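# Close look at the chain arrangement
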Amino acid sequence: MKKLKLLQSFRAIAPVMILLLHASHLFEVNFMYMLDIEKTGGVDLFFVMSGFLLYYIYQRKFGVQGETKRFLIKRVSRIYPLVWILTIFFFIVSAMLGTIFPTWTSYSWNMLLDSMLILPNTEHILDTTWSLSHIIFFYGIIALIIWKPVLRIPFLIITLFCSILFLMPSELEMGWLGLVLNLYNLEFLLGCLAAQIVLKKRLAGGYAFLIAGISGFMFTWYYMMDGEWEFIPLEVLFGVSSFFLILGGAALDRNKDIRIPKLFQVLEKSSFAIYLIHYPLLLIFIYFYDLHGVDEYVSSTFVFTASVMITIAICIGAHYWVERPLDQMVQRWIRPKLDKVDSN
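These notes cover the structure that comes with them. (Residues numbered from 1 in each chain as written. Predicted model: local features only at pLDDT ≥ 70, side-chain atom pairs only at ≥ 80, totals over all residues. Heavy atoms only, no water.)

Following the criterion strictly, the structure yields 5 salt bridges and no others. We note a salt bridge from E268 to R11, for which the minimum N-O separation is 2.4 Å. Of the two residues, E268 is situated in helix α10 (residues 262–269) and R11 in helix α1 (residues 5–27); the sequence distance between them amounts to 257 residues. (Salt bridge = Lys/Arg side-chain N within 4 Å of Asp/Glu carboxyl O. Helix = DSSP H or I, 4+ residues; strand = E, 2+ residues; numbered from the N terminus.)

Volume-wise, the largest pocket comes out at about 1,300 Å³. Lining the largest pocket are 41 residues, and of these Q8, R11, R75, R78 and E268 sit closest to its centre. Looking at the lining of the largest pocket, the elements that each hand over two or more residues are α1, α2 (42–58), α3 (67–100), α5 (130–147), α10, α11 (271–291) and α12 (300–343). No other element matches the 7 residues that α2 contributes to the lining of the largest pocket. Counted by class, the lining of the largest pocket contains 17 nonpolar, 8 polar and 16 charged residues. In this model, the second largest pocket occupies a volume close to 610 Å³. As for the second largest pocket, its lining consists of 24 residues, and the residues nearest its centre are I13, M17, I214, F217 and W221. (1 Å grid on protein atoms, 1.4 Å probe; cavity = no way out; pocket = protein on both sides within 12 Å on 5 of 7 lines; lining within 4 Å. Points joined across faces, edges and corners; volume = space filled by probe spheres on them. Nonpolar A, V, L, I, M, F, W, Y, C, P; charged D, E, K, R; others polar.)

Time to look at the packing of aromatic side chains. Per the stated rule, a full pass over the model turns up 25 aromatic pairs. Both rings, one in F101 and one in Y287, keep their centres 6.0 Å apart while their planes meet at 70°; by these two values the pair is edge-to-face. A residue pair is termed long-range when its members are at least 10 positions apart, and F101 in the loop between α3 and α4 (109–117) and Y287 in helix α11 qualify at 186 residues. An aromatic cluster of at least three residues, connected via ring pairs, comprises F46, F47, W130, F138, Y184, F188 and Y275. In this structure, K148 packs its charged tip against the face of W147, placed 5.4 Å from the ring centre. (Phe/Tyr/Trp six-rings, centres within 6.5 Å; stacked < 30°, edge-to-face > 60°. Lys NZ or Arg CZ within 6 Å of the ring centre and 35° of its normal.)

Rendered as structure tokens:
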């Protein structure tokens, strides 16, 4: 199966978009009009890509004995160890700052527990890890399809129906039910649909799909700035735009040998670290910016730019010096378990 280099490079875009939005709102810098929009669509692109990659990579494993357990071990071990280490690190850093600076608000023990368990609809120390509860739910869907491929169509239809139910008025407290009744599952299904199309059809017109996806993102940003975006859910608009963007990237990848710039390769490899780490780092930067009255001497635009660049540099370092060695260690630890699965 050909590696989709261009499509994989999109993983560098999503976390950077989210980082820029968070930094713009924290430093009150209207970078690319980001103070006028609620979201950039980075999380939505992340969900659609997750659905695409999971289906595209694992469709060959549907129905293979023992592959369900193997899939779950590999996927869960990819997420939890890094989240645990980073969560504990920033919890300790926050506690230390709280003892030195009385105005700093330290994280609570309840937030630590919620963050470690990646519980849905709760506040997390790493902030963006709320989305990982949905990713883990997606893993469950794919695991069931690997176990019983005959359930693929009915199960995906049920998931689509539950996504549509989210649009209906309700007084229910969502809680865990929010993992089932939400439009992020629709985005996941769009990713699966894109993967099925790419696997079955040799698509032409990759640039046309890319233009359609980019135009969809631009329209949605304008739609939010216009102030009338409540009529159509943003997840639908960004989800469909991401669907076309991914189709375009996959079509070009399968028909051409795409060369990806080195910077994008580094950002793509570091994308998970950027996604997880950037928000608590930005909170620390903005705290010291406000605490010492730096705004009287240095423009917020300069501090915004410096904070974004430093954050990206730290996240890249965290990938190479923390995430990658940790993943290698975890993979060595789980390899005997995977071998045991294969032998059964």
